[in-house]
Amino acid sequence: MTNNQVLLINSNLIKPPVAPLGLDYVGSIIIRNGFNVELLDLNFSENIEYDIRKKLTNNSFLAIGLNIRNTDDCYYLSQDFFLPKIRDIVAVIRKYSDSPIILGGGGFSVVPLEIIKYLKADYGIIGDGEITFLRLLDSIRNSKKNSDISENIKGVVFKVSDYKIMEPGYYSLKEYPLPDRDLADNKRYFIEGGMGAIETKRGCYRKCIYCADPLIKGSNIRVRPINTVTKEIKNLIDKGINYIHFCDSEFNLPIDYSTNLLNQIIDTNIGDKIKWYSYMSPVPFNENFAKLLKHAGCEGINFGVDSANPKILKNLGRNHTLDDLANVAKLCSKYKIKFMFDLLLGGPGEYKDSIKYTIDNIKKLNPTCVGISYGIRVYPGTYLASIINREFFPNNKNLYGNVKDNTNFFKPIFYISEEIGKDIVEYTNSLVSGDKRFFIGATDNSDKNYNYNENLRLQEAIKNGYRGAFWDILQQINF
Ligand code: SF4
């Protein structure tokens, strides 16, 4: 008898929990193509070995898919590297099952070869998961040899004598059917994580020097049909989820599509039933767009601002200016949309005065809150990584974190401009000077902790009924 059983495992253990959107989307398509799919969600597990053993004993799976959403928490002050824990999970799976293990997820796509070797998995998937996973399952079911797989499937990582990696597949999202969103327990994620999640597009065409999103999702933006997006939102509302996060890299790119989507959300009265949040670029952003956002139920926006200093913005490959930030601040205030400015300090060319310029000017724009990242996590394949390699990695004075035996940037490693160095934390915090709107750095559970990972105050607040984006909840409990 053909084995159609597929197990997906969520290895993302971050609390508060974030719904495994990718697994939900991939699982939905596989189910429609005749596979029986189960999800083992380790985020809700109290005993990981027990739950894996229970699932795998007496069950035979054609394949086991394991997602890797992030390799680490991207936070200079904590540098929590997740992969050792995931390696333990893989070891337990191996103990109870011979089924091939397939890795995927955004974190995997960034450093695929290093991760698959580290975890000793059988296959991996980079780029879009849906079609590649389906084709790989078919190949495994038909007992095809790995050398045949290599010729036929985009985005697959596999082993012949050594691991090989195929070009990622980025497909038109118009081909994907409406996902059921029934695989993950989205209601529980809402209750314990404060929000539901959805995406309207994948990819980004911009070239910010540090950003791995175009490597993960492609360097062209591919949008979903607007009707499919609004039906999926209605589905989440029917499940009792009324706070939603749009997980697009930048919701307002391209703005024509986003404007059409907002109009549809307004016309179908969905905007009256939900409050939602998203990431956006400071440009493009205009009065008509802000007005539509408000009518469509937008509660808050996290703007990737990075800096206010023109030279630093140019070095980072950003295309906005301080005037653009002033425009965003004015319009969000006018339409009563909460807005966070996320700063990324310490990049190429950063020095004390440029940080002071940024902090002073951001204070004047009166955002709802400000997130600060000290240093920039370096990812392979980015322009920032290429600059570092040119500057002779071993002696590079701009690198902090795992600088030894880490030339592939696999473990957490951060760029902090030599001119400011590790004084960045103390110096920046002195400039913030107790301004409550700023989430400054801390690794403990004080009210200064802006790291969402294992943030007990945040978990407690959600348990007590707070809903929405983590930054919005934090700023509410900080005041
Ligand atoms: S930071 Fe935003 S705008 Fe820049 S490349 Fe990444 S997703 Fe695109």
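Keep in mind it's a predicted model, so treat the numbers as computed, not measured.

A. Representation of the overall build of the chain within the structure. Looking only at helices and strands, one finds 19 helices and 19 strands in the chain. A compact globule built from 479 residues should have a C-alpha radius of gyration of about 23 Å, and the chain, at 22 Å, falls within 12% of that. Taking the principal axes of the C-alpha coordinates as reference, the chain spans close to 70 × 60 × 40 Å. Taken across its 479 residues, the chain has 59% of its residues classed as buried. Sequence separation of at least 24 residues holds for 73% of the intrachain contacts in the chain that already meet a minimum separation of 6. In the form shown here, the chain has an accessible surface area of approximately 19,800 Å², with 48% of it arising from carbon and sulfur atoms. If the 60 positive side-chain charges of the chain are averaged to one point and the 55 negative ones to another, these points end up 1 Å apart.

B. Focus on the confidence of the model for the chain. Of the residues in the chain, 95% reach a pLDDT of 70 or more, and the chain-wide mean stands at 94. Two summary scores accompany this predicted model of the complex, namely pTM at 0.94 and ipTM at 1.00.

C. Seen up close, the site of the ligand. Lining the immediate environment of the ligand, one finds C204, R206, C208, Y210, C211, S249 and E250. Tallied by class, the residues present in the shell around the ligand amount to 4 nonpolar, 1 polar and 2 charged.

D. Region of interest: helix α18 (residues 456-463). The set of residues buried in α18 consists of L458, A461 and I462. Across the axial projection of α18, the buried residues extend over an arc of 95°, all falling on one side. Looking at the buried residues of α18, the elements they touch are α8 (186-193) and α19 (470-478). The N-cap residue of α18 is N455: its side-chain oxygen and the backbone nitrogen of R457 are 3.2 Å apart. Of the residues one or two after α18, G465 is the one with positive phi, at around 110°.

E. Region of interest: the environment of R222. Secondary-structure assignment places R222 in strand β10 (residues 222-223). What makes R222 buried here is its relative accessible area of 12%. R222 sits 29 residues away from G193 along the chain, and the two C-alpha atoms are 28 Å apart. The contact partners of R222, leaving out residues within four places of it in the chain, are D128, Y170, Y171, L173, T200, K201, R202 and K217. From its side chain, R222 meets the backbone oxygen of Y171 in a polar contact 2.6 Å long.

F. Main features of the packing of helix α1 (residues 21-32) against helix α6 (residues 130-141). Two elements in contact, α1 and α6, have axes separated by 9 Å at closest approach and are oriented at 45°. Classed by the angle they form, the pair α1 and α6 counts as oblique. Classified by chirality, the crossing of α6 by α1 is right-handed. Contact residues: α1 offers Y25, V26, I29 and I30, while α6 offers E130, F133, L134 and L137. The residue inventory of the contact of α1 with α6, partitioned by class, reads 7 nonpolar, no polar and 1 charged.

G. Geometry of the sheet that holds strand β16 (residues 376-377). If you walk across this open sheet you meet the 3 strands as β16-β18-β17, and the pairing is antiparallel. Single-partner strands in this sheet number two, and they are β16 and β17 (399-401). Note that β17 and strand β18 (residues 413-415) share 3 bridges and pair antiparallel. For Y400, the partnering residue across the bridge sits in β18 and is F414.

H. View of a positive patch on the surface. A cluster of like positive charges, contributed by R87, K120, K159 and K411, occupies part of the molecular surface. Tracing the sequence through the fold places R87 in helix α3 (residues 83-96). Residue classification places R87 among the partly exposed positions, given a relative accessible area of 39%.

I. Inspection of the packing of aromatic side chains at higher detail. If you walk through the whole model with that rule in mind, you get 14 aromatic pairs. Look at F339 and F341: their rings are 5.3 Å apart centre to centre, the planes differ by 65°, and that puts the pair in the edge-to-face class. Relative accessible area serves as the criterion here: at 0%, F341 is assigned to the buried category. Each member of the aromatic cluster is reached from another via a ring pair, and the members are F285, F289, F303, F339 and F341. The residue whose ring lies beneath K201 is F251, and the NZ or CZ to ring-centre distance is 5.2 Å.

J. Main features of the pattern of salt bridges. Per the stated rule, a full pass over the model turns up 23 salt bridges. The residue R188 makes a salt bridge to E192 at a minimum N-O spacing of 2.8 Å. Linking R188 with E192, this pair stays in helix α8, spanning 4 residues, or about one helical turn. Judged by relative accessible area, E192 falls into the partly exposed class, the value being 30%. Between E199 and R202 there is a salt bridge whose closest N-O contact spans 2.5 Å. A residue is classified by how much of its surface remains accessible, and E199, at 8% relative accessible area, is buried. Salt bridges here are not isolated pairs; linked through shared partners, they connect D128, E130, E199, R202 and R222.

Cut-offs used in this document
Residues numbered from 1 in each chain as written. Predicted model: local features only at pLDDT ≥ 70, side-chain atom pairs only at ≥ 80, totals over all residues. Heavy atoms only, no water. Helix = DSSP H or I, 4+ residues; strand = E, 2+ residues; numbered from the N terminus. Rg over C-alpha atoms; globule rule 2.2 N^0.38 Å. Buried < 20%, exposed > 50% of the residue type's maximum accessible area, 1.4 Å probe, protein only. Contact = heavy atoms within 4.5 Å. Areas by Shrake-Rupley, 256 points an atom, 1.4 Å probe, with all protein chains shown as cover. Lys, Arg positive; Asp, Glu negative; His and termini not counted. Charge placed at Lys NZ, Arg CZ, Asp CG, Glu CD. pLDDT = per-residue confidence, 0-100. Near = heavy atom within 4 Å. Nonpolar A, V, L, I, M, F, W, Y, C, P; charged D, E, K, R; others polar. Arc of directions from axis to C-beta. Polar contact = N/O pair within 3.5 Å; in protein donor to acceptor, adjacent residues only side chain to side chain. Axes fitted to C-alpha atoms, helices over the stretch in contact; angles between N-to-C directions. Parallel < 35°, antiparallel > 145°, perpendicular 65-115°, else oblique. Left-handed = near helix turned anticlockwise from the far one by under 90°. Pairing = 2+ DSSP bridges. Patch = residues over 30% accessible without salt bridge, like charges linked within 9 Å, V, L, I, M, F, W, Y side chains within 5 Å. Salt bridge = Lys/Arg side-chain N within 4 Å of Asp/Glu carboxyl O. Phe/Tyr/Trp six-rings, centres within 6.5 Å; stacked < 30°, edge-to-face > 60°. Lys NZ or Arg CZ within 6 Å of the ring centre and 35° of its normal.

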